[in-house]
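A structural walkthrough
These are the residues of each chain, in order.
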Amino acid sequence: MSHSFCIITNGKRPELLRMVIRSIQAQSVATYEIIISGAYHAEPGIVYVAAEDAAAEGRLGEMRNRAVALAQYENIVLLDDDIILSPRWYAAFMAYSKPFDILTSQIRLPDGGRYFDHVTTGGPKGQAFLDEDEDDDFVYMTGGGGWVMKSHLARSVSWNPDKFFYQEEDVDFSRRCQAQGYIISHHHGMLVYHADPTYTNIGRSLKRRSEGRSQEWVLHEPDNLTSLQILKRSLLFKNSGRSAEAADYLRMAILRGKSGWLFKIIWQIFLLRTGGDLPDSSWSPTGTAEYAEWIAALGDKHE
């Protein structure tokens, strides 16, 4: 199988981008190319598409269109500059035997939760995570989340070049693909990592920690607090619009065995208000071992 890996970047995270590149090189893909669009530089083994103005202004669609226009292989993989392929991503892709137009990957966060991968939006469920084998008429694929599209689709559908950050350019692209009869499929075995620890998965929703916090911020927060103090702080975070921090507090309290049944009941209520439990959800305040080990391995490849 031949692959064109198309990455967009604003040039502000060069070392993270190098991790993305090294994760591609580690896949043992027989025939592939790496195309980078945005603010970067030319280098051996990279096809560079200069789009500094689009990168600075957040015109994501324009950067993706420029990269995809140069793709020469059958399978085009869309990546942002913080989406890292897991070591078994390509093997999982090769094991997928069904025909597809678009095939989305599972996306995991550093704390173990899911990022927007197999998701519905705009329909009766609102925006919500789906089970890995769940179908929905309003499914879409998020930006550059390590998903694959066939080259024939790329020749007939393009991104809106005038859409900027937070203007749902990915939803717009998904709907126009579906309007032409293309199907969005999902393969949970194709795992990628979104290397942004500020995000966390709560129930079937996604939240973001404030002030650039990672999951580790809460490690020692509840240690010397009473159950009532923990509850009060959780509610303070929740009522001030910081649901991610409230969830971290509750999860940490449960992990520490604080007031066993009380926090478990509160957590179940929390999940019900965020769409219900997600069967394969997980959370670790120190981050998952698999993610940490892979990041360390990619770092070693650089030395």
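Residues numbered from 1 in each chain as written. Predicted model: local features only at pLDDT ≥ 70, side-chain atom pairs only at ≥ 80, totals over all residues. Heavy atoms only, no water.

A word on the overall build of the chain. Per the secondary structure count, the chain includes 10 helices and 13 strands. Counting over 303 residues, the chain shows a buried share of 55%. Within the chain, one finds 32 positive and 39 negative side-chain charges whose respective centroids are separated by 5 Å. (Helix = DSSP H or I, 4+ residues; strand = E, 2+ residues; numbered from the N terminus. Buried < 20%, exposed > 50% of the residue type's maximum accessible area, 1.4 Å probe, protein only. Lys, Arg positive; Asp, Glu negative; His and termini not counted. Charge placed at Lys NZ, Arg CZ, Asp CG, Glu CD.)

Secondary-structure assignment places Val-29 in the loop between helix 1 (14-25) and strand 2 (31-38). Since its relative accessible area comes to 6%, Val-29 is described here as buried. Along the chain, Val-29 and Ala-91 lie 62 residues apart, while their C-alpha atoms are 9.1 Å from each other. Once residues lying within four places of it in the same chain are set aside, the contact partners of Val-29 are Met-1, His-3, Phe-5 and Tyr-90. (Contact = heavy atoms within 4.5 Å.)

Glancing now at the nonpolar core. One finds Phe-5, Ile-7, Leu-79 and Trp-89 to be the most contacted residues of the largest nonpolar core, which totals 44 residues. Looking at this core element by element, the count peaks at 5 residues for helix 1. Dropping the residues within four chain positions of it, Leu-79 is found in contact with Phe-5, Cys-6, Ile-7, Ile-8, Val-20, Ile-24, Leu-85, Gly-144 and Gly-146. Ranked by size, the runner-up nonpolar core spans 21 residues in total, among them Ala-67, Ala-154, Trp-159 and Ile-184. (Core = buried A, V, L, I, M, F, W, Y, C linked by side-chain atoms within 4.5 Å.)

A grouping of Glu-132, Asp-133, Asp-135 and Asp-137 is seen on the molecular surface, where their side chains present a negatively charged patch. Position of Asp-137 among the secondary structure elements: in the loop between strand 8 (126-129) and strand 9 (139-140). Judged by its relative accessible area of 72%, Asp-137 falls in the exposed class. (Patch = residues over 30% accessible without salt bridge, like charges linked within 9 Å, V, L, I, M, F, W, Y side chains within 5 Å. Areas by Shrake-Rupley, 256 points an atom, 1.4 Å probe, with all protein chains shown as cover. Salt bridge = Lys/Arg side-chain N within 4 Å of Asp/Glu carboxyl O.)

Turning next to the layout of surface pockets. If you roll a probe as big as a water molecule over the atoms, it shows you where there is empty space left. Of the volumes computed, that of the largest pocket is approximately 910 Å³. Considering the residues around the largest pocket, the lining is formed by 33 residues, among which Asp-80, Tyr-115, Phe-165, Tyr-166 and Tyr-199 are closest to the centre. Going through the elements one at a time, strand 1 (2-9), helix 3 (60-69), helix 6 (169-179) and strand 13 (205-208) are the ones with two or more residues in the lining of the largest pocket. Looking at the lining of the largest pocket residue by residue, the class counts come to 13 nonpolar, 9 polar and 11 charged. (1 Å grid on protein atoms, 1.4 Å probe; cavity = no way out; pocket = protein on both sides within 12 Å on 5 of 7 lines; lining within 4 Å. Points joined across faces, edges and corners; volume = space filled by probe spheres on them. Nonpolar A, V, L, I, M, F, W, Y, C, P; charged D, E, K, R; others polar.)

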